[in-house]
Amino acid sequence: MLSLKEAVLVYLDRSGGLQKLVEDCKPLNETHQIEAVYRFCISVNPSDVIEVDPVLGDRVLCDPLGATALFQSVCFLAIKTLSLVEKIHTESQVNVILKLTHLPPFPEYTLDLCSFPRGHGPMRPVSMEGLAIAMTRVTKYTQGARFLCINDECPCSTGFHHIRVHAPGATESATVRNDFSCVMCSSPLKEDVKFRVLGDKQLVELIHIKALDALSAHQQSSLRYQSVTLFLRDELCNSMRIGRLYRVLGIPAHVQQCSGITWSVEANSVQPWEPEYPHKVSASFQQLLKATAGFRWRFSAVVAHCFGLDVAPPGLYNTLKLSLLLSLVQNRADAKDTFHNLDLLAVTADTLILDRLMTYSLSLARHGIRHQASGEMFASLSRDEHGAGTANIHAGSALLATGGICMLGDLGCYKKERLDAIQSVLESCTVSVFIPGKKYGEDADQQLSFPVHCSFWALTDSTDAPRRSGRADCAILGTAEMGPVPVQLADAFGLVIQCRDVGGEQALLAQTFHTLQQAVQPGKPLYPSCWEFSSQDYQELVAHAQSVQVELSPGAEKIIHGYYMASRRVRKQSGKMSVASVKLLISLAEAHCKLCLRTQVLEEDAVIAVLLCENSVTLKHGASALIIPPNAVFPGDLGDVEGLQRRDETLDELHQNILRFIYTYAPGAGAYITEE
């Protein structure tokens with residue numbers, strides 16, 4: 001034991017732990033309040049400890065409680081020898097917490113949240129990754145307490161001889177009870193309440209990331225997933241958010257409850273975590289990129305044209321396909337933790353095919369949740385079952401989809417109250433949870449807010465219009481009937497796409513033939529003349545495009561700014577061009593640039609953004625002086641090179657129309673757009 005304590009002292013000296021101990025003791029001398037225990041956090045690097053003393057390193061990794069006792073003894077000796085804190089009289093008053101920097105990358109120190117049985121073998125520190133699906137509010141627990149012997153003649157009736165300190169896995173009753181006995185005279189002990197030290201505690205439910213497959217478009221399996229309860233204490237409280245992925249280092253513990261024993265983990269450190277995704281671009285898309293080099297509009301056109309061929313034939317719903325890809329690509333958080341999303345509402349008379357197309361697209365998202373109308377969309381409450389009795393907040397579909405897509409499906413399945421709630425979340429990007437204090441053991445009610453960092457996809461049946469929309473006819477030129485969706489909710493979505501039946505009966509026959517052929521001969525290529533890209537190709541393309549960092553070029557910025565200013569002037573009476581429209585324009589332009597695998601947003605990206613945005617505003621509020629066709633982004637068939645050429649010419653012409661519109665209506669446009 002002496003050699004191990006010497007090794008602890010050497011490690012603390014080399015790692016700067018002794019200097020940190022001196023700094024941590026200074027604030028304790030500035031107050032006259034005396035407490036039962038004083039808490040010290042010590043950072044421990046297992047690799048460095050092993051270099052100092054392999055036996056000590058083994059103790060840290062295999063017997064964390066024993067290692068803590070060694071560090072506690074050395075820290076107390078240092079405090080008394082250096083006279084750092086006069087208020088500390090016994091070793092029991094020094095509450096040492098060892099914070100591990102990492103664990104060895106071996107299976108013995110890794111816990112797969114899918115593996116069973118749990119709790120078999122030594123309770124050594126383990127590393128685990130998972131998704132936070134529920135958490136409680138922060139409550140108090142007892143860090144340490146002082147007990148005195150009731151026998152006045154016993155030496156333990158004064159001083160700090162009997163100190164109880166919380167240990168991993170211990171319940172509150174293990175720290176504070178009324179049936180403790182004196183080790184000197186066996187008389188009962190009584191707590192000196194004024195010396196009790198309280199800390200913060202929070203419980204989090206962590207589950208394996210694969211559990212989301214049951215709520216997404218991925219093929220479901222017969223496996224069942226069970227969450228693990230994490231205990232976060234003191235500085236770790238509020239370090240996790242619902243719906244985020246984390247890597248947690250912790251010590252498993254058996255917690256005794258009144259009904260039995262539960263298995264939980266005392267968290268030691270928490271770090272955000274993201275699984276590794278393939279960021280390569282397949283050879284097929286690289287070949288397409290090479291073949292379309294020199295043509296401004298073609299790469300994204302072919303990518304959208306050949307997308308989702310398992311669901312719909314090429315040429316149908318191309319605008320929606322492109323919009324879905326743009327939304328997938330734009331789902332990301334930047335270095336400042338600002339989330340960039342792209343919400344999408346599709347208006348159609350054929351909700352079945354569009355639902356399948358969205359479901360297929362959802363499978364390409366990193367986190368894709370398909371919300372069930374009967375399930376909880378935002379958050380729900382329950383009572384904590386680990387003794388605290390406080391409110392346990394469970395994530396709904398929107399919070400589980402953090403960093404990804406939440407597919408709402410047909411909005412006709414929702415009641416008006418739920419549609420109003422969706423509109424509120426879309427506008428504020430936050431979810432509010434009301435916690436009644438009386439029900440959950442608090443003095444006052446509380447309102448908590450959680451950020452919503454996901455994109456919403458939804459569709460509405462335009463043939464359902466007369467029943468619920470409140471808009472009996474489309475008197476304004478260009479507007480579309482949106483079924484049960486009010487205009488305010490459509491505005492909150494931002495991008496609205498109308499999936500028109502352009503081909504009429506011929507398009508219906510093409511879809512029917514496609515569906516029957518897929519059912520009879522699944523997996524057989526139906527369109528040999530098309531470029532062939534697998535779902536894996538698209539998944540890798542989306543993952544790579546998400547990681548591309550882009551910046552706006554001056555030309556693209558002028559078009560976006562000019563179009564916004566001109567539209568505000570033209571639509572001044574209706575007032576339907578808000579500041580959110582600028583965000584939508586920039587998101588669309590950046591997403592199109594990423595999809596084309598470029599790092600600079602060019603004018604062609606801004607043109608696509610303007611066409612999609614103008615069509616969306618027209619569907620909601622009517623046409624403006626910028627007259628563009630309803631299917632401006634995909635004006636015709638792209639089945640051959642001539643079709644791509646005609647599209648290029650049409651988009652070039654629309655580009656000029658946008659410039660004329662800006663030159664005519666935007667204030668001061670003549671300073672940056674020439675008449676030529």
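Residues numbered from 1 in each chain as written. Predicted model: local features only at pLDDT ≥ 70, side-chain atom pairs only at ≥ 80, totals over all residues. Heavy atoms only, no water.

Q: Could you give me a rundown of the sheet that holds strand β20 (residues 455-461), with the residues and numbers involved?
A: As summarised here, the arrangement of the five strands in space is β14-β17-β20-β13-β21, forming an open sheet in which the pairing is parallel. The open sheet is flanked by β14 (368-370) and β21 (495-498), the only strands paired with a single partner. Strand-to-strand, the axes of this sheet are offset by a mean angle of 15°, without reference to chain direction. Pairing of β14 with strand β17 (residues 405-410), which is carried by three bridges, proceeds in the parallel orientation. Note that in β17 the partner of Ile369 across the bridge is Cys406. This element, helix α10 (residues 351-362), spans β13 (344-348), β14, β17 and β20 of the sheet and lies at about 165° to β20. (Pairing = 2+ DSSP bridges. Helix = DSSP H or I, 4+ residues; strand = E, 2+ residues; numbered from the N terminus. Axes fitted to C-alpha atoms, helices over the stretch in contact; angles between N-to-C directions. Contact = heavy atoms within 4.5 Å.)

Q: Explain the environment of His162 residue by residue, including any values.
A: Along the polypeptide, His162 turns up in strand β5 (residues 162-165). Exposure remark for His162: the relative accessible area of 10% places this residue in the buried category. Distance in space between the C-alpha atoms of His162 and Leu189 is 8.6 Å, their sequence separation being 27 residues. (Buried < 20%, exposed > 50% of the residue type's maximum accessible area, 1.4 Å probe, protein only.)

Q: Kindly report on the packing of aromatic side chains, identifying the contributing residues and their values.
A: What the rule picks out here adds up to ten aromatic pairs. Ring centres 5.3 Å apart and planes at 85° place the aromatic pair Phe147 and Phe180 in the edge-to-face group. Of this pair, Phe147 sits in strand β4 (residues 139-149) while Phe180 is found in the loop between α6 (172-175) and β6 (189-191), placing the two residues 33 residues apart along the sequence. A relative accessible area of 1% places Phe147 in the buried class. (Phe/Tyr/Trp six-rings, centres within 6.5 Å; stacked < 30°, edge-to-face > 60°.)

Q: Pulling in residues and values, what's your account of the side chain of Gln202?
A: Looking at the element boundaries, Gln202 is found in strand β7 (residues 197-207). For Gln202, the side chain forms a polar contact with the main-chain oxygen of Thr136, separated by 3.0 Å. Excluding residues that lie within four positions of it along the chain, Gln202 makes contacts with Met135, Thr136, Arg137, Val138, Leu230, Phe231, Leu232, Cys237 and Asn238. (Polar contact = N/O pair within 3.5 Å; in protein donor to acceptor, adjacent residues only side chain to side chain.)

Q: How would you explain the pairing of strand β3 (residues 126-136) if you had to name every residue and give the values?
A: Across the eleven residues that make up β3, a large majority, nine, are buried. Pairing between β3 and β7: four bridges, direction antiparallel. Pairing of Ala132 across the sheet is with Leu206, part of β7. Relative to strand β16 (residues 391-395), β3 runs antiparallel, the two being bridged by three bridges. By the bridge assignment, Thr136 is partnered in β16 with Asn392.

Q: For the packing of helix α17 (residues 554-570) against helix α20 (residues 641-665), give the residues involved together with the corresponding values.
A: Where α17 meets α20, the axes come as close as 8 Å, and the angle between the chain directions of the two elements is 60°. Here α17 lies oblique to α20, going by the angle between them. Crossing of α17 over α20 shows left-handed handedness. Contacts between α17 and α20 involve Ile559, Gly562, Tyr563, Ala566, Ser567, Arg569 and Val570 on the former and, on the latter, His655, Ile658, Leu659, Phe661, Ile662 and Tyr665. (Parallel < 35°, antiparallel > 145°, perpendicular 65-115°, else oblique. Left-handed = near helix turned anticlockwise from the far one by under 90°.)

Q: Please give an account of the confidence of the model for the chain that cites residues and values.
A: Fine structural detail should not be taken from predicted coordinates in areas where pLDDT scores are low. Per-residue pLDDT for the chain averages 83, and the proportion of residues at 70 or more is 86%. Across the chain, element-level confidence peaks in strand β23 (residues 600-601) with a mean pLDDT of 94 and bottoms out in helix α13 (residues 465-468) with 46. Across residues 466-475 the pLDDT falls below 50, and counting only partners more than four positions away or on other chains, this stretch makes 20 contacts in the model. (pLDDT = per-residue confidence, 0-100.)

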